[in-house]
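# What the coordinates show
The residues making up each chain are set out below.
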Amino acid sequence: MVFSSLIFLCIFLPSVLILYHAGKNQTYRNAVLVFASLFFYAWGEPVYIIMLVFNSLFTYFTGLITDRHRGQPISKVVFILSVVVNLSLLGLFKYSGFIVDNFNLVTGMTLPFQAFALPLGISFFTFQTMSYSIDVYKGNVKVQKSLLKYMVYVTMFPQLVAGPIVRYIDIEDQIDDRQVSLADFESGVLRFVRGMFKKVVLANSAGKVVSLLLDSELSGLSAVGAWFGILMYAFQIYFDFAGYADMAIGLGRFFGFDFPENFDYPYISGSATEFWRRWHITLGTFFREYVYIPLGGNRSHHLRNILAVWALTGLWHGAS
C-alpha cells in the first residue's frame, strides 16, 4: 500500500484518522496507531510482519535488561547481543545471496541458494531499533517500559517503509505526550500534498523520460540525449525519495509527531561536504552519531572515520 494509492488515500487514511481522533485517551490513540501500522505493513508483507514484531519485542526486552542491570557485565552482553542480532538479520536478508554468488564465482562451485525476498523497510526499522538500544545503553534516553509506546515508535506507518530514520531520542517526549492542533493538521496536509506532487508528478514523469532514453540501446543515443537522461535520473531519485519523506512528515503531523527533516535542497549545495549534509539527513545523522563520532570524528584518524562511514553507507544501501 503506497501513500499515493487510492486505497490508502480514500479508505485506509480516513479510517485511521477517524478512529484515532475519536478518542482523547493517549493509550487508546497509541493502540489505534499500532494496529493500523501493523495492518499497513501486513498489507505489503503478510509473512515478514513476524520479523517486524520479533525485532520490536526483542529490542524492547533487551532494552529493559540493559537498563535494569546498568553497570554490570550482563548489561553490556545483552546490549551487544541486541546489536549483533539486528545486524545479522539485516545481513541475512540483504547479503546472503550476494555472499553465496561471490563464493561460487571465486571457488568455481555451484552451491544452490534461493535468495530471500527483502522485507519492506528492514533497513529503516532495524536502524531505528538499533539507535534505541545504543541510546539506552549509553544513558542518552530513558528506557521505555511501556510495550505499547515502544511499538508506536517502531511500527509507525508514516515512516516505516522508507524513512526518514526517526531515532527514539527525536520523538521520546512526543510518544508520551502529544497534541494535534488545527495548525499542525493544516501544515501536515500541505506537506503531504507537496510530497505527493513531487512523487507522482515530478518523479514519475522524470522516470518515464529516463526509461525512454537510458533503458534503450545506448549505442544509438546522442551525447545530448545521454546527458538529458542522466539529468532526469537525478531529478527522479531526488523527487521520489524527498517526496516520500515529505508525505511521511506530513502524515506524522496528523498524529502529533514532528519527524526530522530528510532533505534540504541538496542540489544547490556548493560542495560535496554540503551535499552530504543536505541529502538523506537522517541517515547521515545516524552514521555521524553512532559511527563517526565514536570512532574519533575529526579529532583522530579523520580519513579512516570518513571511509568507515562511506563503506557502511554503501553496505546499508545494498549489495548491488
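All figures in this text were calculated on a predicted structure; none of them were measured in a lab. (Residues numbered from 1 in each chain as written. Predicted model: local features only at pLDDT ≥ 70, side-chain atom pairs only at ≥ 80, totals over all residues. Heavy atoms only, no water.)

## Let's talk about the pattern of salt bridges
Spelled out, the test is: Salt bridges are defined as contacts in which a side-chain nitrogen from Lys or Arg sits within 4 Å of a carboxyl oxygen from Asp or Glu. Burial classification: accessible surface area is computed with a 1.4 Å probe over protein chains only, and a residue below 20% of its type maximum counts as buried, one above 50% as exposed, and the rest as partly exposed.
Taken as a whole and assessed by the stated rule, the structure comprises 10 salt bridges. A salt bridge links Arg288 to Glu289, with the nearest nitrogen and oxygen atoms 3.3 Å apart. Overall, Glu289 belongs to the partly exposed group, its relative accessible area being 27%. Where salt bridges share partners, they join Arg191, Lys198, Asp246 and Glu261 into one cluster.

## Let's talk about the environment of Phe255
Formally: To qualify as a helix, a DSSP run of H or I must reach at least 4 residues; to qualify as a strand, a run of E must reach at least 2; elements of each kind are numbered from the N terminus.
In this fold, Phe255 is placed in the loop between α10 (223-254) and α11 (272-278). The class of Phe255 is buried, set by a relative accessible area of 0%. Separated by 235 residues in the primary sequence, Phe255 and Tyr20 have C-alpha atoms spaced 8.0 Å apart.

## Brief notes about unusual backbone geometry
Positive phi, normally seen in glycine, also occurs at His280, with a value near 45°. Looking at where His280 falls in the secondary structure, it is placed in the loop between α11 and α12 (281-295). If you check the backbone angles, His301 has positive phi at about 50° while not being a glycine. Residue placement: His301 occurs in the loop between α12 and α13 (302-317).

## Examining a nonpolar patch on the surface
This is how the line gets drawn: The patches described consist of residues with a relative accessible area above 30% and no salt bridge, like charges being joined within 9 Å and nonpolar side chains (Val, Leu, Ile, Met, Phe, Trp, Tyr) within 5 Å. Computed with a 1.4 Å probe, the accessible areas rest on the Shrake-Rupley method; for each residue, only the protein chains presented here act as cover.
Residues Phe228, Leu231, Tyr233, Phe235, Ile237, Tyr267 and Phe275 make up a contiguous nonpolar surface patch of roughly 610 Å² in combined accessible area. For the nonpolar patch, the element with the most residues is α10, which contributes 5 residues. With respect to the secondary-structure elements, Phe235 resides in helix α10.

## Examining the confidence of the model for the protein chain
Cut-off, in case you're wondering: In predicted models, pLDDT denotes the confidence assigned by the predictor to each residue on a 0 to 100 scale.
Per-residue confidence for the protein chain gives a mean pLDDT of 91, with 100% of residues at or over 70. The least confident element of the protein chain, judged by mean pLDDT, is helix α4 (residues 73-107) at 88; the most confident is helix α6 (residues 147-155) at 95.

## Considerations on the packing of helix α2 (residues 26-44) against α6
Inclusion rule: As a rule, the C-alpha atoms of each element are fitted with a line to give its axis, helices using only the stretch in contact, and angles between N-to-C directions run from 0 to 180 degrees. Any angle that falls under 35 degrees is termed roughly parallel, while one over 145 is termed roughly antiparallel, one within 65 to 115 roughly perpendicular, and all others oblique. Crossing handedness is read from the near helix: turned anticlockwise from the far helix by less than a right angle, it gives a left-handed crossing, and turned clockwise, a right-handed one. Here, two residues are considered to be in contact whenever any of their heavy atoms come within 4.5 Å of each other.
With their axes 9 Å apart at the nearest point, α2 and α6 run at an angle of 40° to one another. Between α2 and α6, the crossing angle belongs to the class labelled oblique. The chirality of how α2 crosses α6 is left-handed. Contacts from Thr27, Asn30, Ala31, Leu33, Val34, Ser37 and Leu38 in α2 reach Leu148, Lys149, Met151, Val152 and Thr155 in α6.

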